[in-house]
Amino acid sequence: AARSRWRVLALSLLCAWVIVGTIRVWPHYIPHVNELFGGPRNAHRLLDDSNVDWGQDLMTLKRYLDDRGIERVQLACFGSTEPRRYGIDYDPAGSSRERFLAVSSHFDRRFEFFGDPNRFLYAYRPDALVGYSILIFDLENLVPIDEAARTASER
C-alpha cells in the first residue's frame with residue numbers, strides 16, 4: 001500500500017509539473033520545451049522550423065518595439081503574414097542601417113548553412129528574445145557570446 005501511495009504521489013507531481021509548465025508559457029505554446037531541456041527560452045537553440053517559429057510572435061514584437069520607443073527595425077521574419085499588418089515598420093535584414101535587427105529563430109538557425117551575410121551574429125548574444133521565437137540584436141552594442149559568459153561568471 002505504501003508503494004502504491006508513492007507511485008500515485010510521483011505521478012501526481014509529474015502531472016502537476018506538466019500542467020504548470022504549460023500554463024506558464026501561455027500563449028507561446030509552439031516553442032515550448034520542458035525545463036529538462038532548458039525551457040522555452042532555449043527552444044530556438046535546440047529546435048528549428050515549425051517546432052519553434054511560424055511567425056507567431058509579430059504582435060509580441062510590435063509591443064516590444066513600442067515599449068522601447070523603437071520606430072523601425074531590420075527584420076528577417078518567418079511566416080506568411082506581412083509584419084506591416086501589425087504596425088511594424090521595417091526594412092528587410094541587411095538592407096538598411098537601422099540600429100536594431102529582429103530575426104526569427106527559423107532564420108537564425110539558417111545563417112550558418114545558407115551563407116547569409118548576418119551569420120556573423122552567431123558570435124554575439126541577442127539583447128532580447130521576444131515571445132521565444134524572435135531574437136533582437138542592438139547592432140550598435142553587440143556583446144560577444146564569450147564576453148557575456150565571462151562577465152556572468154565573474155558576478
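Details of the structure are given in the entry above.
Residues numbered from 1 in each chain as written. Predicted model: local features only at pLDDT ≥ 70, side-chain atom pairs only at ≥ 80, totals over all residues. Heavy atoms only, no water.

## Considerations on the environment of Gln56
Part 1 of the argument: Residue placement: Gln56 occurs in the loop between helix H2 (43–46) and helix H3 (58–67).
Part 2 of the argument: Residue class for Gln56 comes out partly exposed when judged on its relative accessible area of 28%.
Part 3 of the argument: Separated by 77 residues in sequence, Gln56 and Ser133 place their C-alpha atoms 8.1 Å apart. (Helix = DSSP H or I, 4+ residues; strand = E, 2+ residues; numbered from the N terminus. Buried < 20%, exposed > 50% of the residue type's maximum accessible area, 1.4 Å probe, protein only.)

## Quick word on the sheet that holds strand S6 (residues 134–138)
Part 1 of the argument: Taking strand neighbours across the sheet as the criterion, the 5 strands line up as S2-S1-S3-S6-S5 in an open arrangement whose pairing is mixed. Across the chains shown, the open sheet's two edge strands, defined by having one partner strand only, are strand S2 (90–92) and strand S5 (128–130). Adjacent strand axes in the sheet meet at a mean angle of 30°, parallel and antiparallel pairs treated alike.
Part 2 of the argument: Across 3 bridges, the pairing between S5 and S6 is antiparallel. The residue of S6 that forms the bridge with Leu129 is Leu135. (Pairing = 2+ DSSP bridges. Axes fitted to C-alpha atoms, helices over the stretch in contact; angles between N-to-C directions.)

## Some thoughts on the nonpolar core
Part 1 of the argument: Ranked by internal contacts, the top residues of the largest apolar core, which has 16 residues, are Leu61, Tyr64, Leu65, Val73, Leu75, Ile88 and Ile136.
Part 2 of the argument: Looking at this core, the elements with two or more residues in it are H3, strand S1 (73–76), strand S3 (100–104), S5 and S6.
Part 3 of the argument: Broken down by element, this core gets its largest block of residues, 4 residues, from H3.
Part 4 of the argument: Filtering out sequence-adjacent residues up to four positions away, Leu65 remains in contact with Ile70, Val73 and Ile88. (Core = buried A, V, L, I, M, F, W, Y, C linked by side-chain atoms within 4.5 Å. Contact = heavy atoms within 4.5 Å.)

## Focus on a nonpolar patch on the surface
Part 1 of the argument: Where nonpolar side chains cluster on the molecular surface, the patch consists of Trp6, Leu9 and Leu13 and spans about 360 Å² of accessible area.
Part 2 of the argument: Relative to the assigned elements, Trp6 resides in helix H1 (residues 2–24). (Patch = residues over 30% accessible without salt bridge, like charges linked within 9 Å, V, L, I, M, F, W, Y side chains within 5 Å. Areas by Shrake-Rupley, 256 points an atom, 1.4 Å probe, with all protein chains shown as cover. Salt bridge = Lys/Arg side-chain N within 4 Å of Asp/Glu carboxyl O.)

## Quick word on the side chain of Gln74
Part 1 of the argument: Relative to the assigned elements, Gln74 resides in strand S1.
Part 2 of the argument: Judged by relative accessible area, which is 5%, Gln74 ranks as buried.
Part 3 of the argument: Of note is the side chain of Gln74, whose polar atom sits 2.7 Å from the backbone nitrogen of Gly94.
Part 4 of the argument: One polar contact links the side chain of Gln74 to the main-chain carbonyl oxygen of Glu98, over a distance of 3.0 Å.
Part 5 of the argument: If we ignore the near neighbours within four places in the chain, the residues touching Gln74 are Asp91, Pro92, Ala93, Gly94, Ser95, Ser96, Arg97, Glu98, Phe100, Leu101, Ala102 and Leu139. (Polar contact = N/O pair within 3.5 Å; in protein donor to acceptor, adjacent residues only side chain to side chain.)

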